[in-house]
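Each chain, written out:
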Amino acid sequence: MAVFPWHPRNRNYKAEFASCRLEVVPLEFGDYHPLKPITVTESKTKKVNRKGSTSSTSSSSSSSLVDPLSSVLDGTDPLSVFAATADSTTTAAAMTDGSRKKRDRDDHSTVGSDFEPWSSKRGEILTRYTTTEKLSMNLFMGSEKGKAGTTTSAMSEKVRTRLEELDDFEEGSQKELLNLTQQDYVNRIEELNQSLKDAWASDQKVKALKIVIQCSKLLSDTSVIQFYPSKFVLITDILDTFGKLVYERIFSMCADNGSVLPDHFSPENVNDTAKETCLNWFFKIASIRELIPRLYVEASILKCNKFLSKTGISECLPRLTCMIRGIGDPLVSVYARAYLCRVGMEVAAHLKESLNKNFFDFLLTFKQIHGDTVQNQLVLQGVEFPSYLPLYSPAMDWIFQCVSYHAPEALLTEMMERCKKLGNNALLLNSVMSAFRAEFIATRSMDFIGMIKECDESGFPKHLLFRSLGLNLALADPPQSDQLQILNEAWKVITKLKNPQDYINCAEVWVEYTCKHFTKREVNAVLADVIKHMTPDRAFEDSYPQLQSIMKKVIAHFHDFSVLFSVEKFLPFLDMFQKESVRVEVCKCIMEAFIRHHHEPTKDPVILNALLHVCKTMHDSVNALTLEDEKRMLAYLINGFIKMVSFGRDFEQQLSFYVEARSMFCNLEPVLAQLIHSVNRLAMETQKVMKGNHSRKTAAFVRACVAYCFITIPSLVGIFTRLNLYLHSGQVALANQCLSQADAFFKAAISLIPEVPTMINIDGKMRPSGSFLLEFLCNFFSTLLIVPDHPEHGILFLIRELLTVIQDYTWEDNSDDRIRIYTCVLHLLSAMSQETYLYHIDKVDSNDSLYGGDIQFLAESNKLCEAVMAQILEHLKALAKDEALKRQSSLGLSFLNSILAHGDLRNNKLNQLAVNLWHLAQRHGCADTRTMVKTLEYIKKRSKHPDMSHLTELALRLPLQTQA
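Residues numbered from 1 in each chain as written. Predicted model: local features only at pLDDT ≥ 70, side-chain atom pairs only at ≥ 80, totals over all residues. Heavy atoms only, no water.

(A) Region of interest: the overall build of the protein. Scanning the protein for helices and strands turns up 44 helices and 6 strands. Here the protein holds 964 residues, and the buried ones make up 48% of them. Accessible surface for the protein amounts to roughly 48900 Å². Of this, 53% is attributable to carbon and sulfur atoms. (Helix = DSSP H or I, 4+ residues; strand = E, 2+ residues; numbered from the N terminus. Buried < 20%, exposed > 50% of the residue type's maximum accessible area, 1.4 Å probe, protein only. Areas by Shrake-Rupley, 256 points an atom, 1.4 Å probe, with all protein chains shown as cover.)

Here you go:
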């Protein structure tokens, strides 16, 4: 290809801006609003005769409001039609499942969201009540004759066979498993639960019942008494499964001729077959000889009474309550009552009389806990009484919660008085405070403190009672007149605790009460007491979760950090977190709270020193093994602090802070990048204050800021972070008339380009770097337009150095990024050839002012343009050899558009080059026809301008080829 000279066209930027502005149309705002519906005029055309040349056209203007999108769709929404079709095909399939879900919601609709469900307590019980002792279990060894394969002709024979199978089980066809660990025991229970489901699925209903009876019998065994609450949870899961299976089975039998039983059905809606099946289940359960399995299994299917009569549940609950009186072991008895309350709340929460009777029955038998039988049993198992009493808490708490739910004040008061009359009532008192409404407890705080004082210390520790009281006071406020006395009474007991674990468990709760109702003086006293108790023998090392909880509560109530850090014992309390991982988590909590609540910039030295210490702790935890996500989180928190520090007009103090921060946070690259941005912003604030007219002092300060950035940037690792910061800092230096410093930044950026790898890591994936480099260079070129040449380095020295680097850079194979960059250089050089540049920096003379259209400058610019054009044309020629015809077509058309935008096409050679590129783009049928058409339309439109008439001839020389 021949070498074509470059002739940039002269630009009148003001005229171009004016021609591109939108036309201003006067509007009467009284009649117009952008959200007001549009009136659309409909035009209808009717063809009279297809063969004839005439047609009649009728036009009508509609005054009604017509939505053009709706009119196209003829009033139908395709998405709605599709959804309706899909609904019609899936309604039948989803009906049964939807009914079941709705029934489940209705079953639980009797209690509100303010009622804490059993499921939320289950995990805590399993975690808390464990054992290392060996457990035993009796397993049923089933016979084959009960399986589904047995067929008899008469229904009576089938019933008789099933009853015989139950008798077989009752007679002891069992196997005892001994020496089970706790995990083995849990695994066996899970196997039984799965066996129940499998037996039910295979229509072995009797076998399923046997499994449930077998599991229920385990609840009478208290040989390993510490594990009993967890055993209760595991076995009642099986009972719940059984009850649900029976109910769903009977419910499905009520569907006659495909109709589904309504959700709120009455016994009259149930057919005889379903009723008979339901009665059959109750009769089978009634034949169980032992009390405990009979009680639990019948309670599990209590809901099935709905199929038989409207009063079935209300009649069964009192009877089952009375049956529990026959259980001699008070621990077994209280958990049976808890299960009955649980089932009762699920199926008939409105029957509070039966639940209340259950509660008062329990109070009557409460004294059994202190009887000789229990004492003897504890001696045999080697269990201390203070360890035995907490076993009752889950069951008692649940019973009290059920009975007190939405109960009137009178009933709660009566329950409290009944508990008060019983001796050794610490356990009852703890359950009352755990289950009753917090508002009820808070208003009577002094009464409860009096009852706690009267309790016997030997049975149930008083500090646990104060802990329960503290939990209520965290949720509801006591009378203001009692608040200080309550704290004093509670802390008298708490501070005397010798066991650090007991102390911290109690103090953790009361810290929130103190923060909520008192000043920093009381909080400081509490923290001092915690430090005093937890420092000896490094007891704090075993209580980090509780100490973290205390820290979070203090932070949550002190949003003014100047007050928080003025608490004398706050930082010594923070020093107790000596395990690095825990210490960092606590520091993160402090910084998150600061960022969330502190919205005004600060220069308070107390806050700055404390938070610098906190941030330094987080920073120093970073090592080679720290995850990138963790580094990002720490950097985000530290940056949030740095952004909030402001010394106002004391810019030198601000810069000193940034210098100190740089030395403290050198291992986190995002923090260093933020510091560089902050210093650049500081320099621009200085320029704004001085309105661009720097004094000797401010000029020296700005140069100090620039030096800070220039020194800091090389310490960063990210290549594009460094490039962008060099560019940004150079722009700031240029805006502050620091020309030599700006040149230094730009030279550093140019020298860094050869180090850019062809592939970079983006979010864990390797990506080509070409597009990122192209984006950076385009931004760089925009800045170079206004950078004045150095008097000692010649014309356009920065651009010449940059072109050398681009030429020598190793580009990715099959990449056209270098040519796109050369095209951008062509745009830059064309802009530099104008008499007046598109934009300037105040008080900085760009090359248009320095050279003033000097011939030597223009000649040098054109020389560079010709060299760049030669590179572009050479690349286009090479693409033809590589058979990359589509890329050649796209790049050729792109280059043509650059010539149209920036070249002077009155020059014959440049005009001929444009024609050649047009033909090149279409030569092999790879051109984008749509883009070609738009380009030609653009040329024709431009040719109508007075000074662009020469484009008319060019348009005639650019034919459009049609693709076959």
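So that's the structure; there's more coming.
(B) Quick peek at the pairing of strand β5 (residues 759-762). Here 4 bridges tie β5 to strand β6 (residues 765-768), and the two strands are oriented antiparallel to one another. Across the sheet, Met759 pairs through a bridge with Pro768, a residue of β6. Where β5 folds back onto β6 in an antiparallel hairpin, the turn is made up of 2 residues, including Asp763, whose phi is positive at roughly 55 degrees. (Pairing = 2+ DSSP bridges.)

(C) Representation of the confidence of the model for the protein. Mean pLDDT for the protein: 84, with 85% of residues reaching 70 or above. For residues 141-155, every residue scores under 50 in pLDDT, and the model assigns this stretch 14 contacts once sequence neighbours within four places are set aside. Contacts from residues 169-173, a stretch scored under 50 in pLDDT, to residues over four places away or in other chains number 12 contacts. (pLDDT = per-residue confidence, 0-100. Contact = heavy atoms within 4.5 Å.)

(D) Just the packing of aromatic side chains, in detail. All chains considered together, the criterion is met by 40 aromatic pairs. Taking 5.7 Å as the distance between ring centres and 20 degrees as the angle between the ring planes, the aromatic pair formed by Trp200 and Trp281 counts as stacked. Residue Trp200 is located in helix α6 (residues 182-201), and its partner Trp281 is located in helix α9 (residues 272-286); the two are separated by 81 residues in the primary sequence. Each member of the pair Trp200 and Trp281 is classed as buried. For the pair Tyr513 and Phe518, a centre-to-centre distance of 5.9 Å together with 70 degrees between the ring planes defines the contact as edge-to-face. In this structure an aromatic cluster arises from ring pairing among Phe561, Phe565, Phe570, Phe594, Phe641, Phe647, Phe657 and Tyr658. (Phe/Tyr/Trp six-rings, centres within 6.5 Å; stacked < 30°, edge-to-face > 60°.)

(E) Representation of the packing of helix α12 (residues 330-348) against helix α16 (residues 393-404) in the model. It is the contact of α12 with α16, at a shortest axis distance of 9 Å, that shows an interaxial angle of 35 degrees. Here α12 and α16 pass one another in a crossing that is left-handed. Contacts between α12 and α16 involve Val334, Tyr335, Arg337, Ala338, Cys341, Arg342 and Met345 on the former and, on the latter, Pro394, Ala395, Met396, Trp398, Ile399 and Cys402. For the contact of α12 with α16, a count of residues per class yields 11 nonpolar, no polar and 2 charged. (Axes fitted to C-alpha atoms, helices over the stretch in contact; angles between N-to-C directions. Left-handed = near helix turned anticlockwise from the far one by under 90°. Nonpolar A, V, L, I, M, F, W, Y, C, P; charged D, E, K, R; others polar.)

(F) Molecular detail of the environment of Val659. Inspection of the secondary structure puts Val659 in helix α31 (residues 651-664). Spatially, the C-alpha atoms of Val659 and Leu675 are 8.7 Å apart, while their sequence positions differ by 16 residues.

(G) Spatial organisation of the environment of Cys778. Position of Cys778 relative to the elements: it lies in helix α36 (residues 770-784). Placed 43 residues apart in sequence, Cys778 and Ile821 show a C-alpha to C-alpha distance of 7.6 Å.

(H) Up close: a nonpolar patch on the surface. A contiguous nonpolar patch, built from Phe17, Leu838 and Tyr839 and spanning about 280 Å² of accessible area, is present on the exposed surface. Residue placement: Tyr839 occurs in the loop between α38 (817-832) and α39 (847-851). (Patch = residues over 30% accessible without salt bridge, like charges linked within 9 Å, V, L, I, M, F, W, Y side chains within 5 Å. Salt bridge = Lys/Arg side-chain N within 4 Å of Asp/Glu carboxyl O.)

(I) Structural context of helix α40 (residues 855-881). Taking 1.5 Å per residue as the helical rise, α40 with its 27 residues ought to reach 39 Å, and the 39 Å between its terminal C-alpha atoms agrees with that figure. Residues of α40 that are buried include every one of Phe857, Ser861, Leu864, Cys865, Val868, Met869, Ile872, Leu873, His875, Leu876 and Leu879, and no others. For α40, the secondary structure elements touched by its buried residues are α37 (797-808), α38, α39, α41 (885-902) and α42 (908-922). Its side-chain oxygen at 3.1 Å from the backbone nitrogen of Gln856, Asp854 defines the N-terminal cap of α40. Following α40 by one or two positions, Glu883 has its phi on the positive side, about 60 degrees. (Expected span 1.5 Å × (residues − 1). Polar contact = N/O pair within 3.5 Å; in protein donor to acceptor, adjacent residues only side chain to side chain.)

(J) Inspection of α42 at higher detail. Under the 1.5 Å per step criterion, the end-to-end length of α42 is 22 Å for 15 residues, consistent within 8% with the ideal 21 Å. Every buried residue of α42 is listed here: Leu910, Asn911, Leu913, Ala914, Val915, Leu917, Trp918, Leu920, Ala921 and Gln922. For α42, the side-chain oxygen to backbone nitrogen distance between the N-cap and Lys909 is 3.1 Å, and the N-cap itself is Asn907.

(K) The pattern of salt bridges, seen in detail. Here the structure, examined in full by the defined rule, presents 31 salt bridges. Notably, a salt bridge pairs Arg820 with Asp817, separated by 3.5 Å at the nearest N-O pair. Here Asp817 and Arg820 lie together in helix α38, a separation of 3 residues that amounts to about one turn. We classify Asp817 as buried; its relative accessible area is 15%. Linked through salt bridges whose partners overlap, the residues forming this network are Arg9, Arg11 and Glu16.

(L) Seen up close, the packing of helix α20 (residues 445-454) against helix α21 (residues 462-475). Running from N to C, α20 and α21 point in directions that differ by 170 degrees, and their axes come no closer than 10 Å. It follows that α20 is roughly antiparallel to α21 by the angle criterion. Judged by residue contacts, Ser445, Phe448, Ile449, Ile452 and Lys453 of α20 engage Lys462, Leu465, Phe466, Leu469 and Leu473 from α21. Here the residues of the contact of α20 with α21 sort into 7 nonpolar, 1 polar and 2 charged. (Parallel < 35°, antiparallel > 145°, perpendicular 65-115°, else oblique.)

(M) Summary view of the side chain of Arg722. Tracing the chain through its elements places Arg722 in helix α34 (residues 719-735). The charged side chain of Arg722 is buried without a salt bridge, its nearest counter-charge being Glu755 at 4.1 Å. Contacts of Arg722, omitting those with residues within four sequence positions, involve Ile713, Pro714, Leu716, Val717, Leu752 and Glu755. (Lys, Arg positive; Asp, Glu negative; His and termini not counted.)

(N) The arrangement of the environment of Phe460 in detail. Structurally, Phe460 is set in the loop between α20 and α21. The sequence separation of Phe460 and Ala426 amounts to 34 residues, and the corresponding C-alpha distance is 5.8 Å. Sequence-distant contacts of Phe460, defined by excluding residues within four places in its chain, comprise Leu389, Ser393, Ala426, Leu427, Asn430 and Leu465.

(O) The arrangement of unusual backbone geometry in detail. Of note in the backbone geometry, Asp203 takes a positive phi value of approximately 65 degrees without being a glycine. Positionally, Asp203 belongs in the loop between α6 and α7 (205-217). With a relative accessible area of 42%, Asp203 lands in the partly exposed category. Positive phi, normally seen in glycine, also occurs at Leu796, with a value near 50 degrees. Topologically, Leu796 is positioned in the loop between α36 and α37.

(P) Looking closely at the side chain of Thr321. As for its placement among the helices and strands, Thr321 is situated in helix α11 (residues 312-324). With sequence-adjacent residues up to four places away left out, Thr321 is seen in contact with Arg337, Leu340, Ser354, Lys357, Asn358 and Asp361.

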